[in-house]
Amino acid sequence: VSTSHANGIGDLRLLGRYQLIHDMSSGWGVQFGLKLPTGGFHQTFDGGPQAGGALDRGLQLGTGTTDGLLGLAYFGRPTDNLGWFAQVLAQKPLDTREGFRPSASLSVNGGVRWLNTSRVTPELQVNVRFDGREGGPQGDYDNSGDTIVNVSPGVTVDVRRDLDVFAFVQVPVYQRVKGLQLEPEWLVSAGVRWKL
């Protein structure tokens, strides 16, 4: 068995949203942005028979490519204390890098929020992700591509009128992968949302 370990920042995503239609009970928005190649992709195996050899490109902190992001979002508020949302977001590589083209993906998310008078908003999401196959001479076509469904409880905290922070724990309830792949038992996601 060969092993590897990595710490650091992966690829960063910059995502903007433009509200198309908005009233007090519902709204539509378009999402757009880029995934930037900020994560390293020259990691090697630390131990085992492949020590010193290049780690598979799909297992690196970053892909080395810039990807386009485009999506559509909807939110509604059927009651004073309940909000719900749905989102579809496509991610497509705009280039290849050193013989590797990461897979394109489609994410479908939905959830409900309990809207209360405090600055803390609990939320429950269902996240579905469809990944295509990797490409290029450094891609692993046979061992890439998947469908993952996560249930994700989380919370959003209003820090200021124009600034929110959020955190979610993603727990997989369905995984279908093609070939031999590593998938996490759970994930923690955190972020900042700044409103202009």
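That block above? That's the structure.
Reading the values: rules and limits
- Residues numbered from 1 in each chain as written.
- Predicted model: local features only at pLDDT ≥ 70, side-chain atom pairs only at ≥ 80, totals over all residues.
- Heavy atoms only, no water.
- Patch = residues over 30% accessible without salt bridge, like charges linked within 9 Å, V, L, I, M, F, W, Y side chains within 5 Å.
- Areas by Shrake-Rupley, 256 points an atom, 1.4 Å probe, with all protein chains shown as cover.
- Salt bridge = Lys/Arg side-chain N within 4 Å of Asp/Glu carboxyl O.
- Helix = DSSP H or I, 4+ residues; strand = E, 2+ residues; numbered from the N terminus.
- Buried < 20%, exposed > 50% of the residue type's maximum accessible area, 1.4 Å probe, protein only.
- Contact = heavy atoms within 4.5 Å.
- Pairing = 2+ DSSP bridges.
- Axes fitted to C-alpha atoms, helices over the stretch in contact; angles between N-to-C directions.
- Phe/Tyr/Trp six-rings, centres within 6.5 Å; stacked < 30°, edge-to-face > 60°.
- Lys NZ or Arg CZ within 6 Å of the ring centre and 35° of its normal.

As for a nonpolar patch on the surface
Part 1: A cluster of nonpolar residues, Y18, L20, I21, W28, F32, L70 and L72, forms a patch on the protein surface that exposes about 750 Å² of accessible area.
Part 2: When residues of the nonpolar patch are traced back to their parent elements, those giving at least two are strand 1 (12–22), strand 2 (26–36) and strand 3 (67–79).
Part 3: With three residues, the top contributor of residues to the nonpolar patch is strand 1.
Part 4: Note that L70 resides in strand 3.
Part 5: A residue is classified by how much of its surface remains accessible, and L70, at 55% relative accessible area, is exposed.

A few points about the environment of Q175
Part 1: With respect to the secondary-structure elements, Q175 resides in strand 8 (residues 163–177).
Part 2: Taking the C-alpha atoms as reference points, Q175 and R129, 46 residues apart in sequence, are found 9.8 Å from one another.
Part 3: Contact partners of Q175, with chain neighbours within four places excluded, come to T147, I148, E183 and P184.

Digging into the sheet that holds strand 5 (residues 105–114)
Strands belonging to one sheet form pairs held by backbone hydrogen bonds; the direction of such a pair is parallel or antiparallel.
Part 1: Strand order across the open sheet formed by nine strands is 1-2-3-4-5-6-7-8-9, with antiparallel pairing between neighbours. The open sheet has two edge strands, strand 1 and strand 9 (187–194), and neither has a second partner. Averaged over neighbouring strand pairs, the angle between their axes works out to 20° when direction is ignored.
Part 2: Judged from the 10 bridges that link them, strand 1 and strand 2 form a sheet pairing that is antiparallel. Counted as the bridge partner of I21 is W28 from strand 2.

Details of the side chain of T156
Part 1: Here T156 shows up in strand 7 (residues 146–160).
Part 2: Contact partners of T156, with chain neighbours within four places excluded, come to R119, V120, T121, E123, D164, V165, F166 and R193.

Considerations on unusual backbone geometry
Part 1: Of note in the backbone geometry, E98 takes a positive phi value of approximately 50° without being a glycine.
Part 2: Classification of E98 by relative accessible area gives partly exposed; the value is 48%.

What about the packing of aromatic side chains?
How two aromatic rings sit relative to each other is set out by the distance from centre to centre and by the angle between their planes.
Part 1: Scanning the model with the defined rule gives three aromatic pairs in all.
Part 2: Their ring planes at 55° and their centres at 4.8 Å tell us that W28 and Y74 sit as a pair that is tilted. Separated by 46 residues along the polypeptide, W28 in strand 2 and Y74 in strand 3 bring together distant segments of the chain.
Part 3: Ring geometry for F166 and F168: centres 6.0 Å apart, planes at 50°, overall tilted.
Part 4: Overall, the relative accessible area of 23% leaves F166 in the partly exposed class.
Part 5: F168 gets classed as buried once you look at its relative accessible area, which sits at 8%.
Part 6: By way of ring pairs, the aromatic residues W28, Y74 and W84 are connected into one cluster.
Part 7: One cation-aromatic arrangement involves R133 over Y141; the distance from NZ or CZ to the ring centre is 4.7 Å.

Things to note about the environment of T79
Part 1: Note on placement: T79 falls in strand 3.
Part 2: A residue is classified by how much of its surface remains accessible, and T79, at 41% relative accessible area, is partly exposed.
Part 3: Residues T79 and Y141, 62 residues apart in the sequence, show an inter-C-alpha distance of 47 Å.

Let's talk about the pattern of salt bridges
Part 1: Counted by the stated rule, this structure contains eight salt bridges.
Part 2: When the shortest N-O distance is used, the salt bridge between D146 and R129 registers 3.4 Å. With a gap of 17 residues between them, D146 in strand 7 and R129 in strand 6 (residues 120–131) connect regions that are remote in the sequence.

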